Amino acid sequence: MKIDIDALFDNYLQDFIDKNADKYTPEQIERMIETIYEDFGKKPNLSLAGLSPIQYFKQKKTKELINEFIESFQGENSVCEFLCRELQERKDAEDDLISFSNSKNDEMATCSVNILGEMNSQKALKSFINSILDKRATDGLLESMIDAMCKNADAVKEDLLLSCDVNNPDCKVFLEVFASMSRDERVYQILFDEYLNRKDNRAEIYGLLAKYGDDKILGYLYGEVENTALTPIELEEIKLAIEKLGGDFNGLIVKNSH
């Protein structure tokens, strides 16, 4: 029978509140929840045969963890953070989690993607590219996949360069991943071409260039500030980009008609 770890934490939290009501305000306790949860994870619990929640999941076989993970998305249950952390350490859970990342249960798919991202699963990251290009990912899932790819951007660089025609509008979703990669002239050229060709929402491309961090673009940004009427949002983003890239914004003549 699956033990409800979250219910055990609720009891642990209530006990903490009862014992410390004279020390902390409700607002202070609210800010301490994360720390209290981590302490709970390390403390032996009688309902877990004297094991701590972390030990409880660590001593389980991977198949047992997978079954418990599946059960967590049935009915009104929720998945336990300590279960997810343990799955991150189990390489033999990779294929199951990749399968779950295509689940019609959006919460299950998103949680699986997040675990695979923390696992640095090369196989999963490649599968995310296909899921996105094939438009199988919902908006929420797509965001989680992009976040996972950004955290491991260099690991998917060659696959993205091979898979993506950057002139294809469907590939624009990967620009943030490219901006998260280490210096590479091929990647710089993709971002630079987007900078040259972007007509709308130019504030976004300024942010991506700042994130990428190659100061070769500075001369173009200087020229744009001095010769182009920018919206207030664009002006703020280009200022942040110039400063993050090590340039000096204060000496520029801003031509702004807005």
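Above this text sits the structure in question.
The following paragraphs examine the structure supplied in this document. (Residues numbered from 1 in each chain as written. Predicted model: local features only at pLDDT ≥ 70, side-chain atom pairs only at ≥ 80, totals over all residues. Heavy atoms only, no water.)

## Some details on unusual backbone geometry
- Notably, Ala49 is not glycine yet its phi reads approximately 60 degrees, a positive angle.
- With respect to the element layout, Ala49 can be found in the loop between helix 2 (26–42) and helix 3 (53–58).
- The class of Ala49 is exposed, set by a relative accessible area of 73%.
- Of note, the phi angle at Asn201 is positive, near 50 degrees, even though the residue is not glycine.
- As for its position among the elements, Asn201 is in the loop between helix 12 (185–197) and helix 13 (202–212). (Helix = DSSP H or I, 4+ residues; strand = E, 2+ residues; numbered from the N terminus. Buried < 20%, exposed > 50% of the residue type's maximum accessible area, 1.4 Å probe, protein only.)

## Concerning the environment of Asp10
- Structurally, Asp10 is set in helix 1 (residues 5–20).
- Since its relative accessible area comes to 48%, Asp10 is described here as partly exposed.
- The spacing of Asp10 and Tyr37 is 27 residues in sequence and 9.7 Å in space, taken between C-alpha atoms.

## Topic: helix 15 (residues 232–244)
- Between its first and last C-alpha, helix 15 extends 18 Å over 13 residues, near the 18 Å set by a 1.5 Å rise per residue.
- Turning to helix 15, its buried residues are Glu234, Leu235, Ile238, Ala241 and Ile242. Looking down the long axis of helix 15, one finds its buried residues gathered within 130 degrees of arc, a one-sided arrangement. Among the exposed residues of helix 15, those pointing more than 90 degrees away from its buried face are Pro232, Ile233 and Lys244.
- Each element contacted by the buried residues of helix 15 is listed here: helix 13 and helix 14 (218–227).
- Once helix 15 ends, the next one or two residues include Gly246, with phi positive near 90 degrees. (Expected span 1.5 Å × (residues − 1). Arc of directions from axis to C-beta. Contact = heavy atoms within 4.5 Å.)

## Remarks on the layout of surface pockets
- Each pocket or cavity is described by its volume, and for the largest pocket that value is around 160 Å³.
- Looking at the largest pocket, the residues that line it are Leu142, Ile146, Lys172, Val173, Leu175, Glu176, Arg198, Glu204 and Leu208.
- Of all the secondary structure elements, the ones that give two or more residues to the lining of the largest pocket are helix 9 (139–151), helix 11 (175–179) and helix 13.
- Taken together, the residues of the lining of the largest pocket sort by class into 5 nonpolar, no polar and 4 charged. (1 Å grid on protein atoms, 1.4 Å probe; cavity = no way out; pocket = protein on both sides within 12 Å on 5 of 7 lines; lining within 4 Å. Points joined across faces, edges and corners; volume = space filled by probe spheres on them. Nonpolar A, V, L, I, M, F, W, Y, C, P; charged D, E, K, R; others polar.)

## Here's the deal with the nonpolar core
- Ranked by internal contacts, the top residues of the largest apolar core, which has 80 residues, are Phe69, Met149, Leu160, Phe174, Val177 and Leu221.
- Sorting elements by how many residues they give to this core places helix 7 (residues 106–119) first, with 7 residues.
- Non-local contacts of Met149, meaning those with residues more than four positions away in its chain, are made with Leu125, Phe128, Ile129, Ile132, Val156, Leu160, Phe174 and Val177. (Core = buried A, V, L, I, M, F, W, Y, C linked by side-chain atoms within 4.5 Å.)

## A short note on the environment of Val79
- Along the polypeptide, Val79 turns up in the loop between helix 4 (62–71) and helix 5 (81–88).
- Separated by 75 residues in the primary sequence, Val79 and Asp4 have C-alpha atoms spaced 9.5 Å apart.
- Every residue in contact with Val79, bar those within four places of it in the chain, is listed here: Asp6, Phe69, Ser72, Phe73, Cys84 and Cys111.

## Focus: the side chain of Ser127
- Tracing the sequence through the fold places Ser127 in helix 8 (residues 122–133).
- Looking at Ser127, its side chain comes within polar contact range of the main-chain oxygen of Ala124, at 2.6 Å. (Polar contact = N/O pair within 3.5 Å; in protein donor to acceptor, adjacent residues only side chain to side chain.)

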